[in-house]
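The chain contents come next:
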Amino acid sequence: MKILRAWIESSNTLCLDLRTKLDFKQRHLKSSTNIPLSQLVLRQSELPPKRLPFAVIEPINEKGCSSWLVEHGWQVPWVVWEGNLQWKEIEANQWTGNDDQHVLFQPSPFLSSNIELLEQGLKERDQWTFLDVGCGSGRDVGWLLARNKKWRASAFDYLAGAMVRTDILVRNLHVAQQLDILAQVKLMNNGQWQLISNAWWNEQHNQDTKELQDSQDEITRRLAMVELENSNKKELYTFKELYHHLLPKTEYDTFDLILNIRFLSRPFLLEVPELLNVGGYFIISHFVDDERYDYKQPKKSLRLQVNEISELYGKMSQMEVIQDVIEEIEDGRPVNSIIVRRKF
Ligand SMILES: C[S@@+](CC[C@H](N)C(=O)[O-])C[C@H]1O[C@@H](n2cnc3c(N)ncnc32)[C@H](O)[C@@H]1O
């Protein structure tokens, strides 16, 4: 309890609870986040950035399990074993909580620092449509959908692992109903979209948005489904063909916000204006080939050139560049982060 008290008395509010979902539901500490130990490796993208320390609750039968976190570079100065939790004292001190949407991860800093500006610009609309291409583990999707019920999202990536993680994340945040499409696709160099699998998200998803259970069974089942589909399907589409194929009854196929975070497809950049609603925003934040920085990955051909985006959209009369900065990410590499708005 000394360690728990030390965490509570610090200003830190991040706590990872590794117990089962059932144990967590019964009672848990305020502002804590449950990732059952059996899902930890798969869901490590939901952990805080490695520079931010956090507390950990280890399950009764898994004393010492937080060593995995330390070995992989996370900082966990407050480790509390479930056997040492004295719930009577915890309840008496009002350290318990009933919020289950607390997240440990952080979205893209450029998105989070500009989101109020964007939502202000879109405030007259009843619904905000969002397209994330190269969504990775779905952190920006989950964060945005949980932020405001007005957001509806479509998310694409070519890795099965990205699909699994995004799927789990939106279920656990109880925002799966706001995710219209989650599809495994490859954006080709000629601008076509290759559908690999949409087993993740189909018309039935509205009836099947429950949280992932503790076991790996559901994950294994879903991966198997994708592998089966992968072997059969290699269909090519334009974006709009793909969108209507995946969501035949959709009432929209243009977006208020399109996001490319550390994802670059030059053919897609040319498609962006026609996929944006008037007044909608495109955000791209990607590695840039800036001569002031010397770094190896990604290789030069996969980086943006300095001013490439502002020059591309500067030539299009319907587009205006409203932010254009070069900033450093955690490891010191430079990214060019840009917001472009469609004026008419
Ligand atoms: C560096 S990650 C960024 C993920 C996410 N946007 C984020 O910021 O956490 C780039 C993502 O783009 C996806 N990706 C790369 N090339 C792709 C392509 N041609 N088509 C679809 N997805 C692609 C990768 O699978 C990966 O998840």
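If you're wondering where the values come from, they're calculated on a predicted model, not measured in any experiment.

Conventions used here
Residues numbered from 1 in each chain as written. Predicted model: local features only at pLDDT ≥ 70, side-chain atom pairs only at ≥ 80, totals over all residues. Heavy atoms only, no water. Pairing = 2+ DSSP bridges. Helix = DSSP H or I, 4+ residues; strand = E, 2+ residues; numbered from the N terminus. Axes fitted to C-alpha atoms, helices over the stretch in contact; angles between N-to-C directions. Contact = heavy atoms within 4.5 Å. Core = buried A, V, L, I, M, F, W, Y, C linked by side-chain atoms within 4.5 Å. Buried < 20%, exposed > 50% of the residue type's maximum accessible area, 1.4 Å probe, protein only. Expected span 1.5 Å × (residues − 1). Near = heavy atom within 4 Å. Polar contact = N/O pair within 3.5 Å; in protein donor to acceptor, adjacent residues only side chain to side chain. Areas by Shrake-Rupley, 256 points an atom, 1.4 Å probe, with all protein chains shown as cover. Nonpolar A, V, L, I, M, F, W, Y, C, P; charged D, E, K, R; others polar.

### Digging into the sheet that holds strand 3 (residues 55-58)
Taken together, four strands build an open sheet; the order of strands is 2-1-3-4 and the sheet is parallel. Only two strands of the sheet have a single partner each, and these edge strands are strand 2 (32-34) and strand 4 (78-81). Direction aside, neighbouring strands of the sheet carry axes that sit 20° apart on average. Contacting strand 1 (15-17), strand 3 and strand 4, helix 1 (residues 2-9) crosses the sheet at an angle of about 140° to strand 4.

### Considerations on the nonpolar core
In a soluble, globular protein the nonpolar side chains are often hidden away together inside. With 34 residues, the main nonpolar core has Leu131, Phe156, Trp193, Ile258, Phe268, Phe282 and Tyr313 as its most contacted residues. Aside from chain neighbours lying at most four places away, what touches Phe268 is Leu131, Val133, Leu187, Trp193, Ile258, Asn260 and Leu275. Of all hydrophobic cores here, the second largest spans 30 residues; its members include Phe110, Leu144, Leu145 and Leu169.

### Overview of helix 7 (residues 160-172)
The terminal C-alpha atoms of helix 7 lie 19 Å apart, and with 13 residues this matches the ideal 18 Å at 1.5 Å per residue to within 8%. Most of helix 7 sits out of view: 10 of its 13 residues are buried. Among the residues making up helix 7, those that are buried are Ala162, Met163, Val164, Thr166, Asp167, Ile168, Leu169, Val170, Arg171 and Asn172.

### Quick notes on the site of the ligand
Contacts to the ligand come from 13 residues, most closely from Gly134, Asp157, Tyr158, Leu187 and Ile261. Contact distances for the ligand include 2.9 Å between a nitrogen atom and a backbone N or O atom of Ile261. Taken by itself the ligand offers 600 Å² of open surface, and the protein chains cover 74% of this. The leading source of residues in the shell around the ligand is strand 7 (residues 179-187), at three residues. Per-class residue counts for the shell around the ligand are seven nonpolar, two polar and four charged.

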